[in-house]
Amino acid sequence: DKDRLKTRDFADFESWYKVNNQPLTGDAGGLLQGKHLENDGIREVYTNEIGSLVFQGKTSPVFPPDAIIVKDTYYTDKNGGKGRRWNITVMRKREPGYDPENGDWEYVTAGPRKGVRYQGTMQLCIDCHAAAENDYVFTWK
């Protein structure tokens, strides 16, 4: 299926625009609901060039099709720093009409080596991201 997101579509995400200045830790809002390691994880967020324009305030706050956002989650090590990778989650803005009730976002989970495991309109992801302030995407100052 040509529309399926493949590892090659985000394999180099570490070279993309990094959204957060400091590693994201904890779960102050309680939205993680036991997912993404909550307080035991460290998260780094990246976006491709299309998405970076939105995060930088250079375009509309609604993400355009083909924007990709990657959340890279790590276990914390014994010193509270970044340990080994736990998993990767990805949001990709799809074409209008893909899932209009939920912002036309596709959600993807990938393993530590970036292999795609699941993708589509995953209800767990949708339920959490419905609480986001901007186009189903959480932002950090």
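Rules behind the numbers
- Residues numbered from 1 in each chain as written.
- Predicted model: local features only at pLDDT ≥ 70, side-chain atom pairs only at ≥ 80, totals over all residues.
- Heavy atoms only, no water.
- Salt bridge = Lys/Arg side-chain N within 4 Å of Asp/Glu carboxyl O.
- Helix = DSSP H or I, 4+ residues; strand = E, 2+ residues; numbered from the N terminus.
- Buried < 20%, exposed > 50% of the residue type's maximum accessible area, 1.4 Å probe, protein only.
- Phe/Tyr/Trp six-rings, centres within 6.5 Å; stacked < 30°, edge-to-face > 60°.
- Lys NZ or Arg CZ within 6 Å of the ring centre and 35° of its normal.
- Core = buried A, V, L, I, M, F, W, Y, C linked by side-chain atoms within 4.5 Å.
- Contact = heavy atoms within 4.5 Å.

(A) Broad picture of the pattern of salt bridges. The full count for this structure, using the stated rule, is 10 salt bridges. Measuring nitrogen to oxygen at the nearest pair gives 2.9 Å for the salt bridge that ties Glu14 to Lys114. Here Lys114 lies in the loop between strand 6 (105-110) and strand 7 (116-120) and Glu14 lies in the segment before strand 1 (17-18), a separation of 100 residues in the sequence. With relative accessibility at 13%, the residue Lys114 sits in the buried group. With its nearest N and O atoms 3.3 Å apart, the salt bridge here joins Glu106 to Arg94. Linking Glu106 in strand 6 with Arg94 in the loop between strand 5 (82-93) and strand 6, this pair joins segments that are 12 residues apart in sequence. We classify Glu106 as buried; its relative accessible area is 3%. A network of salt bridges, in which partner residues are shared, links Asp3, Arg92, Arg94, Glu95 and Glu106.

(B) The packing of aromatic side chains, seen in detail. With the rule as written, the count across this model stands at 3 aromatic pairs. A ring pair is formed by Phe55 and Phe63, whose centres lie 5.3 Å apart and whose planes are at 65°; its orientation type is edge-to-face. With a centroid separation of 5.6 Å and an interplanar angle of 65°, the aromatic rings of Phe63 and Trp105 are classed as edge-to-face. Of the two residues, Phe63 sits in the loop between helix 1 (49-55) and strand 4 (68-76) while Trp105 sits in strand 6, which places them 42 residues apart along the sequence. Exposure remark for Trp105: the relative accessible area of 0% places this residue in the buried category. Three or more aromatic residues joined by ring pairs form one cluster here, namely Phe55, Phe63 and Trp105. Lying over the aromatic face of Tyr74, Lys82 brings its terminal NZ or CZ to 4.5 Å of the ring centre.

(C) Looking closely at the nonpolar core. Counting residues in hydrophobic clusters, the biggest one holds 15 residues, and the most contacted among them are Phe55, Phe63, Ile69, Met91, Trp105, Tyr107 and Val137. In contact with Val137, not counting residues within four places along its chain, are Phe55, Phe63, Ile69, Met91, Trp105, His129 and Ala132.

(D) Examining the environment of Arg117 more closely. Note on placement: Arg117 falls in strand 7. When the C-alpha positions of Arg117 and Phe10 are compared, they lie 14 Å apart, and in sequence the two are 107 residues distant.

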